[in-house]
Amino acid sequence: MKAIRYYGPGDIRLDDIPEPTVGPKQVKIKWRGQSVAMTGPLLCGSDIYSYYSIIPGLSPTITAPHPTTKETLPITMGHEFSGTIVDIGSEVDRSKLVVGQHVTIEPSWSCLKETCVQCTTLETQNLCPKLALLGVSGGCGGLAEYAVVDEHQAHVLPEGVSLEMGAMMEPLAVAWHAVKKANVKAGCSALILGAGPVGIMILKILKVNGAGWVGISGRAEKRCELAQLHGASSAFNVAHSGVDVVQETMQGTEGRGVDVVFDCGGSQDTINAALASVRPGGLIMNVAVWKDIPAIDMNLMMYKEVVLAHSFVYAGDHEQLLQTVAQGKFADLTSLITRRIPMEDLVDRGIMALIHEKHEHGT
């Protein structure tokens, strides 16, 4: 079968590999009637990151296997995807999963050893030091004609939810987890730094939860326009000269600052803006993966009694998220999809487009 394989930074190929078969507790899926990857899997920031560098802690190398998957490079890419079940293993619970169902895939899995404190509860399995991500750490990633996953990784899509929308559940779960950890209350104010897909999904979830003023910043005009369509009170294009996110946020909150800042950008500029924009006693929730180690004004954090917290992927969030999706509250999120491409064009029209056409696709 055809599959997109990651050999290392700057080296992504379309290969022919053996078609996978299911194990006793696994399910096999495909995207519609053709392949998982025709339009199903999404490309995200981690895919762009991996084009330049190995993702620390998650990616194997040519010589060092991932501790959970035991795989070395190359691996099949794709961690944001959905599909139709075409085969199930002999020990799969058929009261939950059957052939023909549409499912979205939760790509993370941990070591699940009794000696691992983080793996003792579902809510902390994402903190397992040996956490793996399907399509990043190994396994049958979604950028292939077929994928095989463990049964607990397949979640049945609610009736009426398309496979295309199903592919968006993974980044939506990232956003859901971040908002949940921030303990957002109705009427709260917020600033989102980074108007990429996760940033706009955080915006959408905040509005569903009854948030008040929500500002968002980004570097792409199209993303800022989308943010306003999805309910942003203000959208700041920081690529334009003279745009001051902190000043605009203070104006939007009558000088108080916001209750919570979600940093989806992961840069020195965004952490500076977050600390300056958050109110005394407020919260900064980091959602970004950082390339560089930032300098943080710890004295200012102390004087304002600001809490700096972090949100990493998701942990037991999919069931509650899908219940909300079934209510139709996120149906318009497919507007975030900017291009649909075949596998053979993934690098040129996918990854390179996200890098060089930020005015259309980027943050």
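Residues numbered from 1 in each chain as written. Predicted model: local features only at pLDDT ≥ 70, side-chain atom pairs only at ≥ 80, totals over all residues. Heavy atoms only, no water.

Participant: Just to check I follow, could you spell out unusual backbone geometry for this structure?
Facilitator: Apart from glycine, the bulk of residues carry a negative phi angle, and the bulk of peptide bonds sit in the trans form. Omega for the peptide link from Leu 73 to Pro 74 comes to 5 degrees, which places this bond in the cis form. Summarising the element assignment, Pro 74 is placed in the loop between helix H1 (45-52) and strand E4 (75-76). Its identity is not glycine, yet Glu 305 carries a phi of approximately 50 degrees, on the positive side. With respect to the secondary-structure elements, Glu 305 resides in the loop between helix H8 (298-304) and strand E16 (307-310). Using a relative accessible area of 64% as the deciding quantity, one classes Glu 305 as exposed. Although it is not a glycine, Val 313 sits at a positive phi angle of roughly 45 degrees. (Helix = DSSP H or I, 4+ residues; strand = E, 2+ residues; numbered from the N terminus. Buried < 20%, exposed > 50% of the residue type's maximum accessible area, 1.4 Å probe, protein only.)

Participant: Even after reading the chapter, I still don't get the domain arrangement of the protein, so can you show me in this structure?
Facilitator: Interface extent is often summarised as the accessible area lost during association of the parts. Assigned domains within the protein: domain 1 (2-156 + 333-357) and domain 2 (173-310). Using C-alpha coordinates to define each centre, domain 1 is positioned 29 Å away from domain 2. Each side of the interface is counted separately: domain 1 has six residues, and domain 2 has 12 residues. Across the interface of domain 1 and domain 2, roughly 790 Å² is buried in total on both sides, 70% from carbon and sulfur atoms. At the junction of domain 1 with domain 2, the criterion picks out zero salt bridges. Linking domain 1 with domain 2 are two residue pairs in polar contact (both at pLDDT 80 or more). Classifying every residue of the side of domain 1 that touches domain 2 gives three nonpolar, three polar and no charged. (Domains from an automatic or database assignment. Contact = heavy atoms within 4.5 Å. Buried area = accessible area lost by both parts, 1.4 Å probe. Salt bridge = Lys/Arg side-chain N within 4 Å of Asp/Glu carboxyl O. Polar contact = N/O pair within 3.5 Å; in protein donor to acceptor, adjacent residues only side chain to side chain. Nonpolar A, V, L, I, M, F, W, Y, C, P; charged D, E, K, R; others polar.)

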